[in-house]
Amino acid sequence: MIQLDFKDPRPIYEQIKDKIKELVITGAVETDDRIPSVRELAQTLTINPNTIQKAYKDLEAEGIIYSVKGKGNFIAPLDKSSVDPRRKELLLSIQKTVEELIFLHTPQQVVIEVIQNTYSKKEASQ
């Protein structure tokens, strides 16, 4: 379910967060699906439980997961109120990336094709 890349310069807890987000985005996990407990995932990945706890805490703050005392952690339903701010944040990120690609003399059509291919892949998988 989650594999870490120890050569990745990002902290491990960020890798865990990104992997769980990726599972949600790709539909590998759905709303209300249970995810491994802190202890289970720490044992599976052979890392400190505090690292998992930090990732889960951040994911909960972002509205990606929710916890139920005594039951575990689960994938949260899409929070409509958090969509707009998150969308704006992501679009700003795309804008910055495109600006850098322009600086690197990347043709506009190449950038457009990447976006179109990404949408096509997502539509094909649904």
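Just so it is clear, the structure is predicted and the values come from calculations on it, not from any experiment. (Residues numbered from 1 in each chain as written. Predicted model: local features only at pLDDT ≥ 70, side-chain atom pairs only at ≥ 80, totals over all residues. Heavy atoms only, no water.)

Student: Got a minute to help me understand the packing of helix H1 (residues 12-26) against helix H3 (residues 49-61) in this structure?
Tutor: Axis angle and axis distance: for two packed helices, these are the angle between their axes and the distance between the axes, and together they describe the pair. At a closest axis distance of 8 Å, the pairing of H1 and H3 adopts a crossing angle of 50 degrees. Regarding the angle of H1 to H3, the classification is oblique. Considering only the axes of H1 and H3, their crossing is right-handed. Listed contacts from H3 to Ile-12, Tyr-13, Ile-16, Lys-17, Ile-20 and Lys-21 of H1 are Thr-51, Ile-52, Lys-54, Ala-55, Tyr-56, Asp-58 and Leu-59. For the contact of H1 with H3, a count of residues per class yields eight nonpolar, one polar and four charged. (Axes fitted to C-alpha atoms, helices over the stretch in contact; angles between N-to-C directions. Helix = DSSP H or I, 4+ residues; strand = E, 2+ residues; numbered from the N terminus. Parallel < 35°, antiparallel > 145°, perpendicular 65-115°, else oblique. Left-handed = near helix turned anticlockwise from the far one by under 90°. Contact = heavy atoms within 4.5 Å. Nonpolar A, V, L, I, M, F, W, Y, C, P; charged D, E, K, R; others polar.)

Student: What is the right way to read unusual backbone geometry from this model?
Tutor: Leave glycine aside and you will find that most residues have negative phi; peptide bonds, for their part, are mostly trans. Although it is not a glycine, Asp-32 sits at a positive phi angle of roughly 75 degrees. Assessed through its relative accessible area of 46%, Asp-32 is described here as partly exposed. A positive phi angle is found at Thr-46, which is not glycine, with a value near 50 degrees. Looking at the element boundaries, Thr-46 is found in the loop between helix H2 (38-45) and H3. (Buried < 20%, exposed > 50% of the residue type's maximum accessible area, 1.4 Å probe, protein only.)

Student: Could you clarify how one ought to interpret the nonpolar core in this entry?
Tutor: It is characteristic of soluble globular proteins that their nonpolar side chains tend to be buried jointly. Counting residues in each nonpolar core, the largest one holds 18 residues, and the members touching the most others are Ile-2, Ile-16, Ile-20, Leu-41, Leu-45, Ile-52 and Tyr-56. Residue assignment for this core shows that the elements contributing at least two residues are H1, H2 and H3. Contacts of Ile-2, omitting those with residues within four sequence positions, involve Lys-19, Ile-20, Leu-23, Leu-41 and Leu-45. (Core = buried A, V, L, I, M, F, W, Y, C linked by side-chain atoms within 4.5 Å.)

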